[in-house]
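Below are the chains, spelled out letter by letter.
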Protein chains: 2
Amino acid sequence: MQTTLKRSADFYQIIKERRSVRYYDPSVKIPDEEIKEMIGEAILAPNGYNLNAWRFLIITDQALKEKLYPIAYHQQQVLDASAIIAVMGDLEAFWQGERVYQRAVDAGYMTEEVKNSILSTIKNWFESKTQEDLKNTLMIDASLASMQLMLAAKARGYDTVPMSGYDVEQFRKVFNIPDRYVNVMLIALGKAAKPGYPTVRLGVDEVVFWNTMS
Amino acid sequence: MQTTLKRSADFYQIIKERRSVRYYDPSVKIPDEEIKEMIGEAILAPNGYNLNAWRFLIITDQALKEKLYPIAYHQQQVLDASAIIAVMGDLEAFWQGERVYQRAVDAGYMTEEVKNSILSTIKNWFESKTQEDLKNTLMIDASLASMQLMLAAKARGYDTVPMSGYDVEQFRKVFNIPDRYVNVMLIALGKAAKPGYPTVRLGVDEVVFWNTMS
């Protein structure tokens, strides 16, 4: 939790004004340090067993964005946004609980005994799961951080658009992604050149069920 | 976007102070109307093709919470939180684009022609996808809304904990969940009786890759 939390921004304004933006000012390059601060805010999100299985491949190199452009079906934001962030999950994280939990011990948040008990629970848990279950866990955890990332960007006056429309297989091949990492989504991040389109939502009563769904 | 956005809360304070809370004051019942407001804020989240495929089964009935208690391995928050929200995705939503997009036309956000073009794109998209791809889409979209829901709760002084530790099969059986709905996570929502535990995170440099992962 070493993130610098120095800014102030109204939560309700942020969630109301955040829209998916597809046109970016290509002259605006967000400094790497500021991107790192936003990632630091994003990963305060909750996550399964606190395994921190989210990973972020941040593509800022213009030549790489040009390689990505056809893979993402020629969406203009790939070229113009300051960064394209490939949000990934790490299947190896399930085996790396010690790395996180030892630090919790060092920080005085838990005893060695509690750590060992949690690590044993985690091991039993992931050994009982299918590969599909584990991938679902990664999808969920990385998506929670992604939402917080998009809000953190808006809080700083930047905009984003989450993208699922790209050829995942080609992406993995061209970017030489090791098998341990699972693709979750791409997020374009930059300074808006045009505002996002307004959209509608179903009403709350159309998406909510009280006590029974059947 | 008919949500009432009348409150003010600092985004950075919310993301910093939100923690997973497991002890709730069982005497505090959040009014249904307030839960609906928070769902309305949550579903301002972005989502694939704006299909609004998220669904929320809100369990407030104490007898049902007691049925859920063993299914969720006797976690105390199931009994004590004001509501347990089962976040779901609706596989039928991929076929129901008309419902959302007609309203966008009615709102003057797009023409009938644009609507038809988008609906045709969506149809081509989901017909090219496997069932697993579609489920992943639901996992992602429902998780984005879940994160925003947990922040919306914190903005109002409530707390939450996302739960993946429950027997999904038993849950579906006992709550008689129709096949079209996919389980994403449970979220306990209530008034904290004890603060959440502090946790550590991996450093930003440990989860970020610049331009290449290999």
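Residues numbered from 1 in each chain as written. Chains lettered and ligands numbered in written order. Predicted model: local features only at pLDDT ≥ 70, side-chain atom pairs only at ≥ 80, totals over all residues.

Moving on: the overall build of chain A. Check the secondary structure of chain A and you find 9 helices and 5 strands. In chain A, the succession of helices and strands from N to C terminus is α-α-β-α-α-β-α-α-α-β-α-β-α-β. Each of the three principal axes of chain A carries a C-alpha extent, and together these read 55 × 45 × 45 Å. Per-residue burial over chain A gives 45% buried out of 214 residues. A sequence separation of at least 24 residues applies to 81% of the contacts in chain A between residues at least 6 apart. (Helix = DSSP H or I, 4+ residues; strand = E, 2+ residues; numbered from the N terminus. Buried ≥ 20, exposed ≤ 12 C-beta atoms within 10 Å, placed from the backbone. Contact = placed C-beta atoms within 7 Å.)

Below, the discussion takes up the interface of chain B and chain A. Each partner contributes to the interface: chain B provides 71 residues, whereas chain A provides 71 residues. Across the side of chain B that touches chain A, the residue classes tally to 45 nonpolar, 17 polar and 9 charged. As judged from the 3 bridges shared by strand E1 (residues 54-59) of chain A and strand E5 (residues 208-210) of chain B, these two strands associate in the parallel manner. Across the sheet, residue A:Ile58 finds its bridge partner in E5(B), namely B:Trp210. (Nonpolar A, V, L, I, M, F, W, Y, C, P; charged D, E, K, R; others polar. Pairing = 2+ DSSP bridges.)

With respect to the helices and strands, the residue B:Ser143 is situated in helix H7 (residues 131-155). Between the C-alpha atoms of B:Ser143 and B:Ile118, which are 25 residues apart in sequence, the distance is 24 Å. Among all residues touching B:Ser143, those that are not within four sequence positions of it are A:Ile140, A:Ser143, A:Leu144 and B:Val184.

Right, let's talk about helix H5 (residues 97-106) of chain A for a bit. Residue and element names in this part refer to chain A. Those residues of H5 that sit buried are Gly97, Val100 and Tyr101. One face of H5 carries all of its buried residues, which in axial projection span an arc of 90 degrees. For H5, the secondary structure elements touched by its buried residues are helix H6 (112-127). With its phi angle positive at about 80 degrees, Gly108 sits one or two positions after the end of H5. (Arc of directions from axis to C-beta.)

Moving on to the packing of helix H2 (residues 32-42) of chain A against helix H7 (residues 131-155) of chain A. Each pair of packed helices can be summarised by the angle the axes make with each other and by the distance between the axes. Residues and elements named next belong to chain A. Where H2 meets H7, the closest approach of the two axes is 8 Å, and the angle between their N-to-C directions is 135 degrees. The angle between the axes of H2 and H7 places the two elements in the oblique class. Considering only the axes of H2 and H7, their crossing is right-handed. Contacts between H2 and H7 involve Met38, Ile39, Glu41 and Ala42 on the former and, on the latter, Ala145, Gln148, Leu149, Ala152 and Ala153. (Axes fitted to C-alpha atoms, helices over the stretch in contact; angles between N-to-C directions. Parallel < 35°, antiparallel > 145°, perpendicular 65-115°, else oblique. Left-handed = near helix turned anticlockwise from the far one by under 90°.)

Residue and element names in this part refer to chain B. Burial within strand E1 (residues 54-59) is extensive, with 6 of its 6 residues counted as buried. Every second residue of E1 is oriented toward a common face, with Trp54, Phe56 and Ile58 on one face and Arg55, Leu57 and Ile59 on the other, all of them buried. In this sheet, strand E2 (residues 83-90) lies alongside E1 in antiparallel orientation, the contact comprising 6 bridges. Bridge pairing in E2 places Ile59 opposite Ile84.

Turning our eyes to something else, we now look at unusual backbone geometry. Phi angles above zero are rare outside glycine, and A:Tyr49 is one such case at about 55 degrees. Relative to the assigned elements, A:Tyr49 resides in the loop between H2 and E1. Judged by the 21 C-beta atoms lying within 10 Å of it, A:Tyr49 falls in the buried class. Non-glycine residue B:Asn211 carries a positive phi angle of around 70 degrees. Structurally, B:Asn211 can be placed in the segment after E5.

This next bit is on the pairing of E2(B). Residue and element names in this part refer to chain B. Of all 8 residues in E2, 8 are buried; the element is thus mostly enclosed. Burial along E2 is two-sided: Ala83, Ile85, Val87 and Gly89 and Ile84, Ala86, Met88 and Asp90, pointing in opposite directions, are all buried. Two elements, E2 and strand E4 (residues 181-190), share 8 bridges in a ladder whose sense is antiparallel. Bridged to Gly89 within E4 is Val182.

The next subject is the sheet that holds E5(B). Spatially, E3(A)-E4(A)-E2(A)-E1(A)-E5(B) is the arrangement adopted by the 5 strands of the open sheet, whose pairing is mixed. A single partner strand is all that each edge strand has here, and the edge strands are strand E3 (159-163) of chain A together with E5 of chain B. Neighbour to neighbour, the strand axes of the sheet diverge by 25 degrees on average, direction disregarded.

Reading across the sheet, the 5 strands line up as E5(A)-E1(B)-E2(B)-E4(B)-E3(B) and stay open at both edges, with mixed pairing between neighbours. Looking at strand neighbours, the two that pair on one side only are strand E5 (208-210) of chain A together with strand E3 (159-163) of chain B, the edges of this open sheet. Taken pair by pair, the neighbouring strands of this sheet meet at an average axis angle of 25 degrees, ignoring direction.

All names here are of chain B. Where helix H5 (residues 97-106) contacts helix H6 (residues 112-127), the axes come no closer than 10 Å and their chain directions differ by 160 degrees. Between H5 and H6, the crossing angle belongs to the class labelled roughly antiparallel. Pair H5 / H6 crosses with right-handed handedness. Here H5 contributes Gly97, Glu98, Tyr101, Gln102, Ala104 and Val105 to the contact with H6, which in turn contributes Glu112, Lys115, Ile118, Leu119 and Ile122. In terms of residue class, the contact of H5 with H6 is built from 6 nonpolar, 2 polar and 3 charged.

This next bit is on the relation of the copies chain B and chain A. Once chain B is rotated about the relating axis by 180 degrees and shifted along it by 0.0 Å, it coincides with chain A to within an RMSD of 0.0 Å. Overall, the copies show the geometry of a two-fold rotation axis. A share of 100% of interface residues in chain B that are also interface residues in chain A marks the association as one of identical surfaces. (Least-squares fit on C-alpha atoms with pLDDT ≥ 70 in both.)

You can see B:Ala42 is positioned in helix H2 (residues 32-42). In this view, B:Ala42 contacts B:Ala145, B:Gln148, B:Leu149 and B:Ala152; residues no more than four positions away in its chain are not counted.

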